[in-house]
Amino acid sequence: MRINGERLKKTITDMAQIGATPNGGVTRLALSDEDKDARDLLKRWMIETGLEIRIDDFGNLYGRRPGTDPEAGAILIGSHLDSVPAGGRFDGVVGVLASLEVLRTFKDLGIQTKRPVEMVNFTGEEGARFSPPMLGSGGITQMFSSSFIYDRVDADGVRFEDELIRIGYRGESPHRAKNVQHFVELHIEQGPILDTERVPIGAVEGIVGVSWLEVTVRGVRGHAGSTPMAMRRDALIAASVMVSAIAEVATQADKDLLLTVGKFVPRSSAPNVIPDEVTFSVDIRHYDSLIRKRGVQAVKDLLMSIGREKGVDVSVVDLWNMEPTVFSKSLVELICEVSSFLGYPVRKIRGGIGHDAKYMNEICPSAMIFIPCVEGKSHCEDELASWEDIEKGTNVLLHVVYRLAQQ
Ligand SMILES: [Zn+2]
């Protein structure tokens with residue numbers, strides 16, 4: 001039993017026309033006209049595949065293939081069709097269209113499963129237009145309330161709910177996914193590990209936890225020409241020393257601890273003014289909650305000690321914390337087993353980014369299958385996954401779903 005690689009390639013290529021950018025990427029922001037067109041096309045394909053279509057109150061779009069046991073919990077598969085501005089053709093899309101290909105293959109081969117198999121396109125995974133990310137999956141898993149989601153506004157002050165109604169995708173709450181046995185998401189890795197190691201399949205063990213700090217460094221403003229170096233309390237120099245030192249914490253604490261200063265904003269000034277204030281962010285990630293929390297503390301201690309040394313005030317705000325996700329061990333083993341059965345090299349891997357599967361794992365044992373993306377590039381127009389790897393990943397999804405749906 002294998003999927004039809006040529007058909008899948010054509011499906012992904014056709015979808016990439018919607019919101020296509022000049023340099024080979026796509027812009028398909030959540031609930032935009034392009035998102036509507038992508039949904040309409042997907043819905044047409046799902047109807048042609050004989051699936052029962054449902055849309056829930058967050059606009060999540062489902063296609064269901066009934067099983068022989070009407071009481072049995074469903075196997076849900078899918079991902080997202082929305083993108084970041086000038087994003088790639090594969091992020092999310094591969095997971096949605098691979099799911100469609102799995103159901104097309106079941107149809108072609110006349111396969112009857114015991115459990116129903118459902119595919120889903122989740123609304124607003126990227127968080128690029130309506131923040132935070134993963135609103136659709138967060139809605140059905142009750143991470144967010146309906147009113148919270150409906151009242152999200154984009155940069156122009158346009159409400160989520162108004163846009164959902166405008167594009168014709170506000171369905172009903174009884175249509176949300178329910179009685180789900182397992183959720184499985186195929187996704188590009190969005191990192192360089194599989195590509196570097198030339199391994200086509202990653203069995204994802206979990207997703208790292210994240211802490212965000214917002215650091216403000218305050219010194220004293222002065223004239224560049226009249227304040228001797230030794231008498232300065234320069235916020236920018238102190239903050240620069242802090243940023244360099246933070247990278248050292250990662251090296252010393254744990255090889256898997258990830259520390260990033262992605263935002264560094266000196267209060268705007270002039271060339272002849274000694275800067276008095278700098279704000280910067282620290283993003284801290286680790287798979288182990290305890291190591292991450294120790295990392296957070298080590299960063300805070302370091303910032304305070306450099307602050308004292310440089311004579312500047314330092315304040316640190318804990319902006320956001322997200323605990324790690326651990327996927328079902330038996331599903332990880334199943335992905336490894338199926339990959340070996342198909343003759344594909346496979347390795348266990350940990351995800352560093354949030355995905356819909358993260359929230360779905362809160363309501364049912366879930367799993368993710370990663371495939372490589374070239375040089376780990378993602379969220380950009382030259383994001384690329386090879387057709388060969390996409391086909392392999394989809395075959396793994398096919399067999400994983402088949403086995404789960406017969407249990
Ligand atoms: Zn994605």
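- Named according to an unreviewed UniProt entry, the chain is Zn-dependent hydrolase originating from Kyrpidia spormannii.

1. Topic: the pattern of salt bridges
Phase 1 of the analysis: In the structure shown here, the tally under the stated rule is 33 salt bridges.
Phase 2 of the analysis: The partner of K10 in a salt bridge is D14, and the shortest N-O contact between them spans 2.8 Å. Linking K10 with D14, this pair stays in helix α1 (residues 5–15), spanning four residues, or about one helical turn.
Phase 3 of the analysis: Measuring nitrogen to oxygen at the nearest pair gives 3.1 Å for the salt bridge that ties D162 to R159.
Phase 4 of the analysis: Three or more residues joined by partner-sharing salt bridges are found here, namely D33, R129, D154, E163 and R166.

2. Here we look at the coordination of the zinc ion
Phase 1 of the analysis: Taken together, the protein donors to the zinc ion comprise H80 (NE2), D91 (OD) and H187 (NE2), at separations of 2.0 to 2.2 Å.
Phase 2 of the analysis: Here the donor residues for the zinc ion map to a single chain with the spacing H-x10-D-x95-H. Residue H80 is located in strand β3 (residues 74–80), and its partner D91 is located in the loop between β3 and α3 (93–108); the two are separated by eleven residues in the primary sequence. For the pair H80 and D91, a shared accessibility class is recorded, and that class is buried.

3. A short note on the packing of aromatic side chains
Phase 1 of the analysis: Throughout the structure, instances matching the rule amount to ten aromatic pairs.
Phase 2 of the analysis: Plain terms: the ring middles of F144 and F148 are 5.3 Å apart, the flat faces sit at 25 degrees to each other, and that makes the pair stacked.
Phase 3 of the analysis: Its relative accessible area of 15% is what places F144 among the buried residues.
Phase 4 of the analysis: Lying across the ring of Y62, R54 places its NZ or CZ 4.4 Å from the centre.
Phase 5 of the analysis: Positioned over the ring face of F148 is R152, at 3.7 Å from the centre of the ring.

Each value, and the rule that gives it
Residues numbered from 1 in each chain as written. Predicted model: local features only at pLDDT ≥ 70, side-chain atom pairs only at ≥ 80, totals over all residues. Heavy atoms only, no water. Salt bridge = Lys/Arg side-chain N within 4 Å of Asp/Glu carboxyl O. Helix = DSSP H or I, 4+ residues; strand = E, 2+ residues; numbered from the N terminus. Donors = N, O, S within 2.8 Å, 3.2 Å for Na, K, Ca; no water. Buried < 20%, exposed > 50% of the residue type's maximum accessible area, 1.4 Å probe, protein only. Phe/Tyr/Trp six-rings, centres within 6.5 Å; stacked < 30°, edge-to-face > 60°. Lys NZ or Arg CZ within 6 Å of the ring centre and 35° of its normal.

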